[in-house]
Amino acid sequence: MFNLKYSAVTFAVCVALTGCNDGSGFTSTRSSEETPVQTVVNDSAQRNMVGDTGSKVEAILADGTDDSPAGEQVENLIDGKAGTKFLAFDSKATVIFSAVKEYELKGYNFISAADEPNRDPKNWVVYGSNDKQDWIEIDSRADEVFESRGSMRSFSIENEQAFQYFKFEMVHAGTDSYGSNILQLAELQLMVVSDVPLVEFIATNVTPAVDELVVFKDESLVNPTSWQWTFEGGTPQTSNERSPLVKFSSLGAKSVTLIAANDKGESTLIKEDYIRVWDEQQPWAGFENPSVTFIKNKPEHAGQKALERVFPDLEAVIQEISLKIAKRLFNNVTEINTFESVKFTTDLYDFPAAKGGSDKHMELMFDLNHIASLEGQGDEAIRREVLGVLWHELTHGYNNTPKTGSYEAGNDYHTYLESLANFIRIEAGFYEHARPNIAWVKDHNEDAYNQTAFFLEWVVNTNKSIDFIKRFNASANELDKWDFDLAFKHIFGADRGIEVVFAEYIAYLKDEKGITAPFPTPVAGFKNIAILESVIVNTNATHIGIWGEGPDKLVDNNINNKFNALIEAPWWVAEYAPDLLPIAQINSVHTDFVLAQATKVSKYSIATAKDNAIRFPSSWDMYGSNDGEQWTLLDSQEFSNLPELSATYTFDVANTAEYIHYRIDFHNTRTGEAVGGDSGRLIQIGEIALWSEE
């Protein structure tokens with residue numbers, strides 16, 4: 001007998017204290033479905049036999065390597081969860097699977113793990129044996145590649161010999177990005193011809209009204225001859241018919257179980273929350289609140305007392321937020337992911353708060369010292385801190401999860417989960433403290449928690465004719481392969497992918513908010529050669545490189561990272577940066593650029609930083625040279641007015657020659673506060689660009 005358990009929706013499986021950090025220290029992780037266990041190949045019903053009771057798996061690791069880390073042992077290969085993995089601290093590993101009896105192996109499946117593609121198996125040999133001594137090769141593969149994280153590769157083999165033991169000798173794809181030699185694999189499935197039923201069933205209606213009749217139909221393979229059904233909340237509750245007729249008298253999610261048998265044995269399929277009984281006139285009637293339990297490890301701590309004072313009925317608060325989140329993400333109760341429980345634990349931690357468990361059974365952990373530290377700010381500060389975290393994290397309990405991808409910062413999967421959760425927090429009014437930090441970013445993956453969350457808010461506000469968030473959340477279920485571009489095209493049409501919509505948002509930031517890119521304004525038809533890695537930049541002046549404001553900031557392509565050089569030392573240098581004294585005795589600040597080869601520069605730009613406009617040079621001269629000794633004047637500029645902050649000023653160069661050396665000699669003769677006397681005299685620049693024709 002073997003058992004299968006399917007969920008009607010995809011739920012998240014998470015490792016405690018990994019992943020999401022929304023500023024509160026909370027965490028979230030990727031989701032994984034129960035892995036496929038049966039298929040039909042050439043009209044032959046096959047099943048994955050690794051889950052048979054009594055099956056075993058072991059790993060033989062290379063001499064001198066450590067054991068697999070906790071939680072990543074070889075048993076994870078056959079646990080039916082693509083979200084767990086087996087990891088070996090070596091470039092190769094041998095895995096031996098012991099079946100409960102002899103089988104003719106017809107194929108096998110590998111599912112890649114969630115990180116580091118170079119850890120995937122690349123080359124391997126498969127052997128069969130009946131005594132674990134004499135091994136016969138039955139398959140080998142070379143140069144295999146997994147398309148993505150969590151993807152399954154299936155391998156059919158021509159084999160008519162039965163074996164009880166199967167050995168996989170695997171070698172990884174190469175050294176990973178951390179310089180480590182590691183092999184990993186999420187799941188191993190061994191496919192054999194089934195002699196017991198492969199259970200499957202369907203229903204004529206999975207979202208019936210109360211007391212509406214539903215016909216269940218067995219679609220099991222391998223000729224079942226008897227059936228045993230169990231219907232949660234159904235009438236009848238059990239049946240031995242092949243196609244029973246059932247009705248449900250109460251609202252909510254219902255699970256269905258079928259045990260199908262033949263003369264060779266029986267197998268079981270459980271579909272959790274398969275039936276969603278609802279009332280079309282009251283689309284949220286029957287919503288099941290998550291159960292809430294509390295673990296108070298320090299009941300007398302000041303933080304615990306403050307929490308209970310501010311939230312005398314925290315269970316009701318959690319359940320109220322849960323329903324509001326569900327309504328924001330879905331149209332009715334039949335669509336939601338059934339989020340079952342929250343365990344709220346308070347103790348002394350080395351983090352303010354964190355999330356563990358799974359997204360179906362969530363554990364929220366709060367540090368009591370952190371709560372107590374907010375006492376001085378008043379009860380409202382405690383309330384907003386806890387509520388903000390709850391809105392973000394409870395969203396993870398309900399939102400749909402993309403069918404493809406892995407939880408890694410900087411990719412679409414991670415950005416979807418965290419930006420959606422923080423958008424919900426923004427809309428609830430508990431993230432306003434971050435609004436002043438809205439900034440230009442190069443793409444939607446650069447800052448999921450902040451910039452992408454506010455981008456989603458803009459999309460919602462500018463597309464009032466549709467409920468974007470509901471459709472965005474639904475796209476994770478509707479698209480077999482998911483990313484932002486496919487989701488946006490799915491919602492807005494083929495000509496409005498993520499790049500188009502995000503570019504419109506960036507234009508809005510510039511035109512409506514005055515927020516511009518941190519790099520110098522580009523010049524059409526020209527490239528900035530100053531940012532090439534081969535370029536050397538130096539100065540004759542004492543600069544504030546010790547505070548991260550050295551000449552390297554002139555060419556880091558970010559005008560917000562500034563260069564500061566001293567012509568006269570201000571009073572604070574002696575107090576806060578005495579190692580800079582005595583400063584170089586100069587009348588002007590040279591910024592010298594040494595190129596790898598002589599290049600013609602036709603234009604140049606000087607960008608201001610985001611503060612201290614009075615430190616911007618009042619005049620400058622630009623020179624070119626091929627030996628660093630003899631200099632040719634190329635341009636001179638006077639800049640008597642104070643410049644705009646975070647602005648780019650571009651100038652033409654009367655230059656027909658190619659030079660290796662370029663120098664800009666800056667002066668600052670401005671007067672006023674922060675210039676002259678004890679306040680010193682400085683040259684401050686955000687960025688310099690040297691433009692060469694493309």
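Preceding this paragraph is the structure being described.
Please read all numbers here as calculations on a predicted model, not as lab measurements.

**Q** How should I be thinking about the packing of helix H2 (residues 314-329) against helix H7 (residues 468-478) in this particular structure?
**A** How two helices pack is summed up by the angle between their axes together with the distance between the axes. As a packed pair, H2 and H7 sit with axes 7 Å apart at the nearest point and diverge in direction by 85°. By the angle between their directions, the pair H2 and H7 is classed as roughly perpendicular. Every residue of H7 that contacts H2 at Lys327, Arg328 and Leu329 is listed here: Ile469, Lys470 and Asn473. Per-class residue counts for the contact of H2 with H7 are two nonpolar, one polar and three charged.

**Q** What is the right way to look at the pairing of strand E31 (residues 619-625) in this model?
**A** Sheet faces and side chains relate simply in a regular strand, where the side chains alternate between the two faces. The element E31 is largely enclosed, with a buried count of six among its seven residues. Summarising the sheet, E31 and strand E32 (residues 632-638) pair through six bridges and their orientation is antiparallel. Within E32, the position partnered with Ser619 by the bridge is Glu638. Note: E31 against strand E34 (residues 659-667), seven bridges, orientation antiparallel. Counted as the bridge partner of Asp621 is Asp665 from E34.

**Q** Looking at this model, I keep getting lost on the nonpolar core. Mind explaining?
**A** Most often, soluble globular proteins keep nonpolar side chains buried together rather than apart. If you look at the biggest cluster of nonpolar residues, it comprises 76 residues, and the most contacted ones within it are Leu390, Leu394, Phe455, Phe468, Phe472, Phe488 and Tyr505. Apart from residues lying up to four places away in sequence, Leu390 is in contact with Leu314, Val317, Ile318, Ile321, Phe344, Leu364 and Thr395. Counting 34 residues, the second largest nonpolar core, distinct from the first, contains Ala541, Phe651, Tyr659 and Phe666.

**Q** Can you walk me through the pattern of salt bridges in this structure?
**A** Should the charged atoms of two oppositely charged side chains come close, the side chains can pair. If you walk through the whole model with that rule in mind, you get 38 salt bridges. The shortest N-O distance in the salt bridge between Glu144 and Arg153 comes to 2.9 Å. Linking Arg663 and Asp592 is a salt bridge whose minimum nitrogen-to-oxygen distance equals 2.7 Å. Here Arg663 is found in strand E34, whereas its partner Asp592 is found in strand E29 (residues 589-599), with 71 residues between them in sequence. A relative accessible area of 17% means that Arg663 is categorised as buried. Each of the salt bridges in this network shares a partner with another, and the network as a whole consists of Arg328, Glu427, Asp467 and Lys470.

Thresholds, definitions, all that
- Residues numbered from 1 in each chain as written.
- Predicted model: local features only at pLDDT ≥ 70, side-chain atom pairs only at ≥ 80, totals over all residues.
- Heavy atoms only, no water.
- Axes fitted to C-alpha atoms, helices over the stretch in contact; angles between N-to-C directions.
- Helix = DSSP H or I, 4+ residues; strand = E, 2+ residues; numbered from the N terminus.
- Parallel < 35°, antiparallel > 145°, perpendicular 65-115°, else oblique.
- Contact = heavy atoms within 4.5 Å.
- Nonpolar A, V, L, I, M, F, W, Y, C, P; charged D, E, K, R; others polar.
- Buried < 20%, exposed > 50% of the residue type's maximum accessible area, 1.4 Å probe, protein only.
- Pairing = 2+ DSSP bridges.
- Core = buried A, V, L, I, M, F, W, Y, C linked by side-chain atoms within 4.5 Å.
- Salt bridge = Lys/Arg side-chain N within 4 Å of Asp/Glu carboxyl O.

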